[in-house]
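Results of the structural survey
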Amino acid sequence: MKRIIRIFGFSLLILLYGFWQCFRSFSGVMSGGKMVRFILSELGMAASGMAIVIGISALLLCYLCAKLARRSQNTLIFLFTLCRRLLPFMMVAMIIFGGLAFIAIVLSELIWLATTVNLHRSSGKAIIFALCIIGSTLWLLFKSVGALRKCFALFKASASEIDGHNITEQQAPLLWQWIRQLAKQGQVVTPDNIVIGFFDCFYVTANDVRLRNSGEQLKGNTLYFPLTFAAMMSREEIAAVIGHELGHFTGDDTQYSLRFAPLYAGIQNSLDQISRTARGVSWIDRVVLYPALETGLWFLRSFHETVRYWSRIREFAADTAGARTASPEALVSALLRISALDDVINDCLEDVLTGKAKDNDILAGLVASASNLPALDVRPFMEEALTHPTDSHPPTSQRIAALNVTVSERLLNSAARKPDARDHQALMALIASDEGNIVASMAQNLIQRVKQHREALRARLETEAAQPSETKMFWIRTKDTWFFLAIAIILFAAGGFITLTARGGFEYIGWGMVAFSVMFSLLARKHYVDSRKPLYLFSEQGIQCQSVDGIFKWTWMEDAFEFEEMLGSLCIVFRCHSHVPLPKVLSRKSGIRPGKNNTYIITIPDPMFTGESDKRLKIKEQEFIDHFRQYYDSACAREALQEF
């Protein structure tokens, strides 16, 4: 329901407001100003109506195409491509018509302002108000242009980025000869490129690839060959996995892998990124971006289950190719072994990336350390699914059942065996090159890059840790106290006068005004007390606040801040780690208060002041956020340096 409101809510409000304006225009004499206002209101109604109709059409198109796409993979590709081509224009049309509707309604109000208010006798506030409205409208148009570009950019596949080395046939003739033999044996397609690396697991992609280290661009079918996993697997297990991966480029699966999977993953990543960026933006940004963003998300959600359906069918078909390349038992053993080795390899790579690795030969160090660990336990991974950059896999148990393999103790023991140095030696012989030890060169390059990165990281952390972290106080303004007190005095004086002089029941109005004066006097007293002590106090350890009994330490907070407008005030929304002892919140009215989904909210009053109690300087909301981020980054940098 929330998605529907986000897509159609603004246009529906404009439509209803336009109806009301047209109804008002008919009352009384139809002057020239009223006629123009009536025409603008009708234009706003027509534009908002078109935005609603186009939005409904977009949702129906996505829903029906997603349902029909279950007929075949080719149907999925055709209908997904159709939606991909039509939807950007529909999203752009929604933005344009929504913007026109808003502009028409704003102009109708300006016509009313120009024909109703005597600007010569006014104080000029009406002109300022009109200029603000016009400025907001122009800003809306400017944001719309940026949103139009984003709508079309969403539906383009972007190049994948891989950390690895493109190994040519001249560099590793034995590897290429073996993979060609596997492709022939499994009746699958030989890849155009083979990229070897230390990260990720086996996978193939038909998307354009950019190598992060060298910047080299690769086109065609690319096989990613992970040295870390391959160094601890048998030749038959590797063959089964490669046969499975290359099976994605066979038959109907070819077009799916070439045209659909990379594009679907790219759209999903783009929408997720824009969705994260859109949180906490201004209301104008939401008006422009949210309807298009929610329509794009609806598009993905409509196809999600269908994509998962075909993705699992593809995996079963690719498993058949893998079993044909080696054997069903080898493929099952490889699936279980890869799952069990994942944590072992990640721990080794983490040591490399954090500079803790003692051996420059990454693969030899990995095999040696893994050999000293207890035997692998593969049984828990029977019901889990392998991760993949673009596809979703079914649980391993379902894949084993589809292969008609009986999971025997011998098979489990084979998958759980300790790493053998002979597997590592066989891999190195396979990648042997006349140009030298490519793997050693890659390892040295990676270690050098890690060293440079960590040196730069240490310098940045030291700079952030050295930032000023003395106690800083933030105050609310004291003028509001006198404002509330003045209202209380006026209400008391007027109420007292009416009570003493009025008759016929009007004296009760006076008593009411006196009662309100008491309420405002209490409000003035509370505001005076609050303004005499800082609302927030930033220190090296964390944040202290009037509404909290204790301190929120900076290191307790997760680095995922969001900025939202709530009740006219900008707020910082943050989460704390689950294991920390949080202080007790005394008041939910101001300062730090609990939010939804285990979040906490820091309200930023406008205006805000900083400095000592006798000398306060006014700051903007962004300056408060900058101080908040500085103290947080400084505390996190000090903590990181302790573990560096």
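The structure reproduced in this document is the subject of the present report. Everything quoted here is computed from the prediction, not taken from an experiment.

**Some details on the pairing of strand 10 (residues 542–545)**
- When strand 9 (residues 536–538) meets strand 10, the two strands line up antiparallel, connected through 3 bridges. Counted as the bridge partner of Phe-538 is Ile-543 from strand 10.
- As consecutive antiparallel partners, strand 9 and strand 10 are separated by 3 residues.
- Here 2 bridges tie strand 10 to strand 12 (residues 552–553), and the two strands are oriented antiparallel to one another. By the bridge assignment for strand 12, Ile-543 is matched with Phe-552.

**So, the side chain of Asn-193**
- Relative to the elements of secondary structure, Asn-193 occurs in strand 3 (residues 193–197).
- Within the structure, the side chain of Asn-193 is placed 3.1 Å from the side chain of Thr-222, a separation counted as a polar contact.
- Residue contacts for Asn-193: discarding those within four places in its chain leaves Asn-166, Trp-176, Leu-218, Lys-219, Gly-220, Asn-221, Thr-222 and Leu-223.

**Some points on the nonpolar core**
- In terms of nonpolar packing, the biggest core is built from 80 residues, with Phe-198, Phe-202, Phe-225, Leu-227 and Ile-242 touching the most fellow members.
- The residues touching Phe-198, leaving out its near neighbours within four places in the chain, are Tyr-224, Leu-227, Thr-228, Leu-349, Ile-362, Leu-363, Val-439, Met-442, Ala-443 and Leu-446.
- Grouped together as the second largest cluster of nonpolar side chains are 30 residues, Tyr-536, Phe-561, Phe-574 and Ile-619 included.

**Here we look at helix 7 (residues 235–246)**
- For helix 7, built from 12 residues, the straight-helix expectation of 16 Å at 1.5 Å per residue is met to within 8% by its first-to-last C-alpha distance of 16 Å.
- Those residues of helix 7 that sit buried are Glu-237, Ile-238, Ala-239, Ala-240, Val-241, Ile-242, Gly-243, His-244, Glu-245 and Leu-246.

**Comments concerning empty space enclosed by the protein**
- Taken as a whole and judged by the stated rule, the model has 3 cavities of 30 Å³ or more.
- The calculated volume of the second largest cavity comes to roughly 60 Å³.
- Around the second largest cavity, the lining residues are Trp-178, Ala-230, Met-233, Ser-234, Arg-235, Ile-238, Asp-423, Ala-426, Leu-427 and Leu-430.
- Counting residues per element, the ones that place at least two in the lining of the second largest cavity are helix 7 and helix 14 (421–430).
- Top contributing element to the lining of the second largest cavity by residue count: helix 14, with 4 residues.
- Residues that form the lining of the second largest cavity fall into these classes: 7 nonpolar, 1 polar and 2 charged.

**What about the sheet that holds strand 17 (residues 599–604)?**
- Taken in spatial order, the 4 strands of this open sheet run 13-14-17-16, and their pairing is antiparallel. In this open sheet, the two edge strands, each paired with only one partner strand, are strand 13 (562–566) and strand 16 (592–594). Averaged over all adjacent pairs, the angle separating strand axes in this sheet is 35°, with direction ignored.
- One ladder, built from 6 bridges, connects strand 14 (residues 569–575) with strand 17; its direction is antiparallel.

**Remarks on the packing of aromatic side chains**
- Counted under the stated rule, the structure contains 16 aromatic pairs.
- Look at Phe-538 and Trp-554: their rings are 5.4 Å apart centre to centre, the planes differ by 85°, and that puts the pair in the edge-to-face class. Note that Phe-538 is positioned in strand 9 and Trp-554 in the loop between strand 12 and strand 13, a separation of 16 residues in sequence.
- We classify Phe-538 as buried; its relative accessible area is 1%.

**Observations regarding a negative patch on the surface**
- A cluster of acidic residues, Asp-342, Asp-343, Asp-347, Glu-350 and Asp-351, forms a negative patch on the protein surface.
- Tracing the backbone shows Glu-350 in helix 10 (residues 328–353).
- A residue is classified by how much of its surface remains accessible, and Glu-350, at 47% relative accessible area, is partly exposed.

Here is what the cut-offs are and how they apply
Residues numbered from 1 in each chain as written. Predicted model: local features only at pLDDT ≥ 70, side-chain atom pairs only at ≥ 80, totals over all residues. Heavy atoms only, no water. Pairing = 2+ DSSP bridges. Helix = DSSP H or I, 4+ residues; strand = E, 2+ residues; numbered from the N terminus. Polar contact = N/O pair within 3.5 Å; in protein donor to acceptor, adjacent residues only side chain to side chain. Contact = heavy atoms within 4.5 Å. Core = buried A, V, L, I, M, F, W, Y, C linked by side-chain atoms within 4.5 Å. Buried < 20%, exposed > 50% of the residue type's maximum accessible area, 1.4 Å probe, protein only. Expected span 1.5 Å × (residues − 1). 1 Å grid on protein atoms, 1.4 Å probe; cavity = no way out; pocket = protein on both sides within 12 Å on 5 of 7 lines; lining within 4 Å. Points joined across faces, edges and corners; volume = space filled by probe spheres on them. Nonpolar A, V, L, I, M, F, W, Y, C, P; charged D, E, K, R; others polar. Axes fitted to C-alpha atoms, helices over the stretch in contact; angles between N-to-C directions. Phe/Tyr/Trp six-rings, centres within 6.5 Å; stacked < 30°, edge-to-face > 60°. Patch = residues over 30% accessible without salt bridge, like charges linked within 9 Å, V, L, I, M, F, W, Y side chains within 5 Å. Areas by Shrake-Rupley, 256 points an atom, 1.4 Å probe, with all protein chains shown as cover. Salt bridge = Lys/Arg side-chain N within 4 Å of Asp/Glu carboxyl O. Lys, Arg positive; Asp, Glu negative; His and termini not counted. Charge placed at Lys NZ, Arg CZ, Asp CG, Glu CD.

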